[in-house]
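Understanding the architecture of this molecule
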Protein chains: 4
Amino acid sequence: MAIKNRIGNLYSLTSFGESHGPAIGGVIDGMPAGVTIDMEQLKREMARRRPGQGGMTSARNELDEVEILSGIMDGVTLGTPIGFIIRNRDQHPEDYDHLKNVFRPSHADFTYHAKYGIRDHRGGGRASARETAARVVAGALAKQVLDKMGITIAGEAVMSELSSNDSAGDTMGGILKCVIRGVPPGIGETVFGKLSAQLAEAMMSIPAAKGFEIGLGFDFVNHRGSEVLDKWTFKDGKITTQTNFSGGIQGGISNGNDICFSVAFKPVATLMQPVEGIDNEGNPVTIEPRGRHDAYVVPRAVPVVEAMAAIVTLDNVLIGRASRL
Amino acid sequence: MAIKNRIGNLYSLTSFGESHGPAIGGVIDGMPAGVTIDMEQLKREMARRRPGQGGMTSARNELDEVEILSGIMDGVTLGTPIGFIIRNRDQHPEDYDHLKNVFRPSHADFTYHAKYGIRDHRGGGRASARETAARVVAGALAKQVLDKMGITIAGEAVMSELSSNDSAGDTMGGILKCVIRGVPPGIGETVFGKLSAQLAEAMMSIPAAKGFEIGLGFDFVNHRGSEVLDKWTFKDGKITTQTNFSGGIQGGISNGNDICFSVAFKPVATLMQPVEGIDNEGNPVTIEPRGRHDAYVVPRAVPVVEAMAAIVTLDNVLIGRASRL
Amino acid sequence: MAIKNRIGNLYSLTSFGESHGPAIGGVIDGMPAGVTIDMEQLKREMARRRPGQGGMTSARNELDEVEILSGIMDGVTLGTPIGFIIRNRDQHPEDYDHLKNVFRPSHADFTYHAKYGIRDHRGGGRASARETAARVVAGALAKQVLDKMGITIAGEAVMSELSSNDSAGDTMGGILKCVIRGVPPGIGETVFGKLSAQLAEAMMSIPAAKGFEIGLGFDFVNHRGSEVLDKWTFKDGKITTQTNFSGGIQGGISNGNDICFSVAFKPVATLMQPVEGIDNEGNPVTIEPRGRHDAYVVPRAVPVVEAMAAIVTLDNVLIGRASRL
Amino acid sequence: MAIKNRIGNLYSLTSFGESHGPAIGGVIDGMPAGVTIDMEQLKREMARRRPGQGGMTSARNELDEVEILSGIMDGVTLGTPIGFIIRNRDQHPEDYDHLKNVFRPSHADFTYHAKYGIRDHRGGGRASARETAARVVAGALAKQVLDKMGITIAGEAVMSELSSNDSAGDTMGGILKCVIRGVPPGIGETVFGKLSAQLAEAMMSIPAAKGFEIGLGFDFVNHRGSEVLDKWTFKDGKITTQTNFSGGIQGGISNGNDICFSVAFKPVATLMQPVEGIDNEGNPVTIEPRGRHDAYVVPRAVPVVEAMAAIVTLDNVLIGRASRL
């Protein structure tokens with residue numbers, strides 16, 4: 001479940017923060033009590049998301065130091081909401097002065113202006129991928145709880161066939177595959193609460209996400225029904241399947257297999273080449289590149305996709321406790 | 001926003017009903033008051049969904065007569081909730097007697113059993129596509145309101161490359177494309193409430209849906225950023241784009257262009273061939289085909305996809321009224 | 001949690017229906033699976049609500065036959081939503097013809113008109129107490145589940161000091177006390193989710209409810225803090241209190257004691273005397289009494305108050321399962 | 001609508017923070033864009049809430065400096081979520097060392113322990129009235145928006161008949177009356193979304209609140225129906241009432257009159273006298289008073305009650321924009 005800036009029902013994140021405002025952050029509500037929190041794991045997850053990873057990406061230096069403000073005492077969760085902030089540092093707002101009244105192509109500049117009549121033009125404001133840092137915090141903590149339940153999440157960026165050419169200032173998209181392992185059968189809800197639907201919403205809410213598929217996904221159209229049945233078998237005293245075309249979810253509910261899905265990301269629209277924009281009176285404006293931007297965002301999205309998977313999975317595990325008398 | 005059997009925030013549908021229970025139905029909450037309802041349009045939408053359309057599908061004869069129980073007086077909406085039911089007729093529950101303790105492959109039999117410890121084994125119970133009839137009711141009424149706002153929705157099944165071979169008892173999946181036209185710029189919410197994410201959730205909640213993409217979708221991975229920018233232009237006094245790779249949504253909010261997305265459906269798992277199932281003690285069971293089932297479901301899904309698009313769009317149009325002072 | 005026509009989070013009721021429409025009803029979502037339902041208990045609860053109880057009330061004859069349409073198979077809950085309807089019978093819509101454009105004093109006629117620009121003038125439409133029948137259905141089923149958990153609910157109408165005088169056509173309000181017994185410590189949520197707040201909302205949503213208090217309630221103002229402390233004691237191996245000024249809830253969470261609250265109901269505004277109304281152009285209109293109306297509604301509200309208490313309590317018991325790891 | 005630590009649907013506050021943790025704060029989601037914010041008004045509202053007002057109360061010195069972290073740029077709201085924090089200062093956690101394993105009478109110590117198995121014992125943790133500071137922030141901003149719509153809110157503490165005697169270390173409760181003026185007719189929702197029910201929930205969620213009534217409230221029981229009808233009249237071209245026994249709300253929806261309600265607060269349970277507590281093994285413990293505590297909390301609750309009224313009213317004004325086509 002998501003409405004505006006909140007996702008989740010029993011385990012939820014309500015986030016806030018513009019790219020160039022004082023800080024970003026959020027409130028995690030519904031973290032079960034009694035969980036010993038590993039702050040080092042949180043730092044590692046945040047580090048995975050940071051710009052400047054490897055040679056392929058280079059960008060703003062975001063230290064992403066998370067300050068936890070509530071909900072944890074002596075390293076153990078209280079069950080009360082966990083508020084946290086991440087100060088925005090290493091900002092260069094002047095990089096955006098020239099964009100105050102300009103709408104960049106394939107950005108959210110125009111749509112935010114159309115919706116609100118006002119926008120924070122610096123760095124994309126609320127539309128910036130900067131807000132994903134808050135998701136990684138909530139996801140990291142969710143992962144710790146899931147880990148204690150034997151559930152793990154692993155994402156993997158699939159290299160595009162296009163050659164890397166960031167010296168030319170262009171960008172590339174990519175596909176990110178993710179596996180949630182160890183989810184017991186029976187997690188997820190019926191009809192509108194299908195686990196596959198909730199995962200789709202969570203993934204498609206990530207900036208630049210443009211496609212989602214589970215199991216065989218779009219490839220199902222190339223097969224007859226008889227070819228892609230996941231036949232049942234009995235192994236180690238448990239009912240399981242011989243194949244996993246379904247991607248671990250049937251009728252919206254987990255069947256105990258690995259939950260496998262993919263997310264398609266479009267190339268980031270901020271290029272290191274001049275592009276044509278438009279001002280709010282309709283006049284064309286040439287936008288010269290400034291600042292520092294990623295050419296290939298997909299590796300940085302891995303911890304974000306994992307975080308969303310963790311939030312949705314933990315939320316559904318908790319909801320699932322109410323399924324039976 | 002969806003939780004369990006409810007979707008939508010301000011315009012919502014809460015549905016109920018098993019395939020072989022007394023009836024299916026739902027409650028539509030948040031229908032604006034003062035709308036003159038066209039009952040003939042509702043009947044046409046329901047007819048589009050019925051089995052037995054053309055030569056490609058043949059199945060149970062569902063008359064789908066909708067009985068409206070509240071919320072409309074003298075053909076005009078009151079603003080109060082619209083309750084409705086559709087009696088289940090032409091049922092052959094005996095077709096399922098042999099499945100009482102059997103889990104069919106790639107169905108929700110096992111997952112519902114794992115979740116609830118109990119299930120309605122007749123016709124798939126709540127997991128059956130029968131529940132989509134309730135979605136079409138809520139979608140049809142939403143379409144009528146959107147139509148008055150100049151917003152239209154049109155879906156189209158794309159033929160699979162596989163030849164039709166339902167005499168062999170096998171099934172095929174397919175892709176369904178849909179366009180929402182006339183949505184003004186500014187509709188949709190930020191971050192977790194992205195219109196693209198809400199559409200993804202709504203579509204992926206449809207039985208057999210296994211993939212969703214918007215704009216270029218998965219094909220984005222084959223293009224550099226510079227190739228797929230939707231450049232701005234000024235036409236007829238309005239800011240619009242020259243191309244529409246984005247699919248009409250940027251930063252989760254509509255930009256005034258056609259909203260274009262695709263949904264991938266897997267082949268229906270109920271074949272007219274014998275298949276191997278398993279009973280709840282792990283013993284293999286051969287399941288002989290009985291009854292009447294669709295070979296190719298995608299044409300019937302068109303009104304369902306349109307209905308979900310209508311529900312999400314109207315909901316967001318209503319929420320959007322609160323964006324500004 | 002309540003929004004519009006829905007109450008509850010994990011155990012929820014979404015209701016519909018106008019007084020003189022075809023039917024009222026609702027959808028119960030989140031009923032745990034595996035509960036054996038006692039249909040006789042449901043009938044008894046509905047009978048308690050019906051008009052015409054004892055000499056003090058006389059009114060429309062509502063048979064209130066509940067038709068369950070889903071979610072229960074062979075008398076056991078499936079965990080899927082329970083849809084139900086109650087046909088409106090014994091209606092005399094002609095009793096209201098003269099009120100089509102008239103606003104009665106202290107009714108919802110004017111406010112519905114102001115909100116929607118349209119209203120069902122017959123019998124109060126959606127504002128009629130008729131909708132409480134749907135609440136009793138959801139509450140009755142919730143009571144059955146709670147009963148298996150050792151939780152019981154008992155309400156009691158407190159006689160007004162005013163003498164009964166319905167032959168004079170006037171009406172009286174009253175106070176209704178209710179006790180929820182057997183709730184274990186720890187049920188309810190913090191801050192905005194306080195159990196006392198949720199009960200207040202549920203009770204104040206009942207037609208004619210105008211006040212709510214828990215424990216000593218308004219009488220607290222007449223005591224010093226030292227006089228009304230609920231001191232702890234250790235009894236039968238459990239920590240409990242010697243007194244119960246708190247009414248069983250502290251900090252919004254149950255402490256194991258009886259949860260005791262009161263609801264104040266105003267006199268029903270439909271009198272059996274002529275009253276002055278106004279038409280929608282501002283002209284005064286004398287409204288002659290027609291039909292059959294209750295003089296003293298409070299005894300009929302007992303099963304409604306108990307039903308709301310049951311819905312809130314079961315909802316919170318289910319949410320409570322997610323409090324700890 | 002409230003669930004756990006969040007209240008509101010379209011205008012919502014999700015809060016966090018323990019009394020003696022690093023900070024309290026919250027996220028306001030749904031603030032309409034384009035509102036010029038008066039930071040001085042916010043400071044004044046926070047100052048009204050602070051301890052140490054007048055001779056009757058004396059307590060911890062809370063500076064309550066609000067740091068806004070997002071959602072406002074150049075003093076104007078962006079429509080994006082407003083995150084804010086208030087650092088906890090002037091804390092004396094050592095005042096609570098002796099209470100680590102002790103449950104104080106009529107506090108939330110035991111209930112939190114029962115629910116979570118763990119609690120922050122310092123100053124009441126999440127149960128402390130400290131969290132109300134976050135409510136005042138959200139309420140202050142809501143008031144600014146309502147003010148532009150001609151809606152004002154004024155609360156007033158009614159003195160108890162008990163004499164002030166804080167030198168004796170005891171405490172007193174009180175009644176707080178509040179008026180919401182200028183709400184146009186038609187605000188509020190039907191059935192479970194009644195404005196009176198939402199106000200009841202919001203008020204009863206305030207620490208120490210034990211009763212709520214609207215209009216004549218509990219006094220209705222002393223009157224016959226004919227005596228308390230709010231008769232309609234036509235004045236200044238508008239339909240309005242001659243009296244206001246209803247308290248401005250009929251059928252859950254505003255009728256244009258002043259919305260008048262009262263909230264009953266119990267005496268604060270933290271006395272400046274020794275009291276008997278119990279430890280978690282059931283042994284009695286005498287608790288000596290330490291620190292600084294309020295004897296009479298009601299005046300400090302005035303801005304909190306007003307804040308809750310503002311949050312609920314603005315939320316419903318925004319929801320109301322979706323009532324009609």
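Below is a short write-up of the structure. Here the structure is a predicted model, which means the values were calculated and not measured.

Our focus in this paragraph is the relation of the copies chain B and chain D. By a simple turn and slide, chain B fits onto chain D: the slide is 0.0 Å along the axis, the RMSD is 0.0 Å, and the turn is 180°. What the rotation and shift describe, once combined, is the action of a two-fold rotation axis. Among all C-alpha atoms of chain B, that of Arg321 of chain B lies closest to the rotation axis, at 3.2 Å.

Attention shifts here to the interface of chain B and chain A. At the junction of the two partners, chain B supplies 101 residues and chain A supplies 101 residues. Counting each side, the surface lost to burial between chain B and chain A is near 8500 Å², with a carbon and sulfur contribution of 65%. The largest per-residue losses of area from chain B upon contact with chain A belong to Lys115, Phe192 and Lys210 of chain B, which jointly make up 11% of the total buried on that side. Counting every contact that joins chain B to chain A gives 2 salt bridges. For the side of chain B that touches chain A, the element with the most residues is helix H2 (residues 109-116) of chain B, which contributes 7 residues. Of the residues assigned to the side of chain B that touches chain A, the class counts are 42 nonpolar, 39 polar and 20 charged. One ladder, built from 3 bridges, connects strand S12 (residues 209-214) of chain A with strand S12 (residues 209-214) of chain B; its direction is antiparallel. Within S12 of chain B, the residue paired with Gly211 of chain A across the bridge is Glu213 of chain B.

Attention now moves to the interface of chain B and chain D. Taken together, the contact pairs 14 residues of chain B with 14 residues of chain D. Across the interface of chain B and chain D, roughly 1300 Å² is buried in total on both sides, 65% from carbon and sulfur atoms. A per-residue breakdown of the area chain B buries against chain D is headed by Arg321, Ala322 and Leu325 of chain B, which together make up 47% of the total. Counting every contact that joins chain B to chain D gives 0 salt bridges. Between the two partners, chain B and chain D, sit 9 residue pairs in polar contact (both at pLDDT 80 or more). Mapped onto the side of chain B that touches chain D, the elements with two or more residues apiece are helix H3 (132-148) and helix H5 (298-320) of chain B.

All right, on to the pattern of salt bridges then. Taken as a whole, this structure holds 57 salt bridges over all chains when the rule is applied. One salt bridge in this structure joins Glu45 of chain A and Arg48 of chain A, with 3.2 Å as the shortest N-O distance. With Glu45 of chain A and Arg48 of chain A both in helix H1 (residues 39-49) and 3 residues apart, the pair spans about one turn of that helix. Owing to a relative accessible area of 28%, Arg48 of chain A belongs among the partly exposed residues under this scheme. A salt bridge links Glu306 of chain C to Arg48 of chain C; the nearest nitrogen and oxygen atoms lie 2.7 Å apart. Here Arg48 of chain C lies in helix H1 (residues 39-49) and Glu306 of chain C lies in helix H5 (residues 298-320), a separation of 258 residues in the sequence. The buried category is assigned to Glu306 of chain C, whose relative accessible area is 3%.

Take the state of the cysteines next. Residue and element names in this part refer to chain A. Summed over the entire model, instances satisfying the criterion amount to 0 disulfides over all chains. With no disulfide of its own, Cys260 has Cys178 as its nearest cysteine by sulfur position, at a separation of 9.0 Å. For Cys260, a relative accessible area of 25% puts it in the partly exposed group.

A few words on the nonpolar core. Ranked by internal contacts, the top residues of the largest apolar core, which has 283 residues, are Phe261 of chain A, Phe261 of chain B, Phe261 of chain C together with Phe261 of chain D. Ignoring anything within four residues of it in the chain, the contact list for Phe261 of chain D reads Leu176, Lys177, Cys178, Ile180, Leu199, Met203, Phe212, Glu213, Ile214, Val305 and Ala309 of chain D.

Conventions we followed
Residues numbered from 1 in each chain as written. Chains lettered and ligands numbered in written order. Predicted model: local features only at pLDDT ≥ 70, side-chain atom pairs only at ≥ 80, totals over all residues. Heavy atoms only, no water. Least-squares fit on C-alpha atoms with pLDDT ≥ 70 in both. Contact = heavy atoms within 4.5 Å. Buried area = accessible area lost by both parts, 1.4 Å probe. Salt bridge = Lys/Arg side-chain N within 4 Å of Asp/Glu carboxyl O. Helix = DSSP H or I, 4+ residues; strand = E, 2+ residues; numbered from the N terminus. Nonpolar A, V, L, I, M, F, W, Y, C, P; charged D, E, K, R; others polar. Pairing = 2+ DSSP bridges. Polar contact = N/O pair within 3.5 Å; in protein donor to acceptor, adjacent residues only side chain to side chain. Buried < 20%, exposed > 50% of the residue type's maximum accessible area, 1.4 Å probe, protein only. Disulfide = S-S within 2.5 Å. Core = buried A, V, L, I, M, F, W, Y, C linked by side-chain atoms within 4.5 Å.

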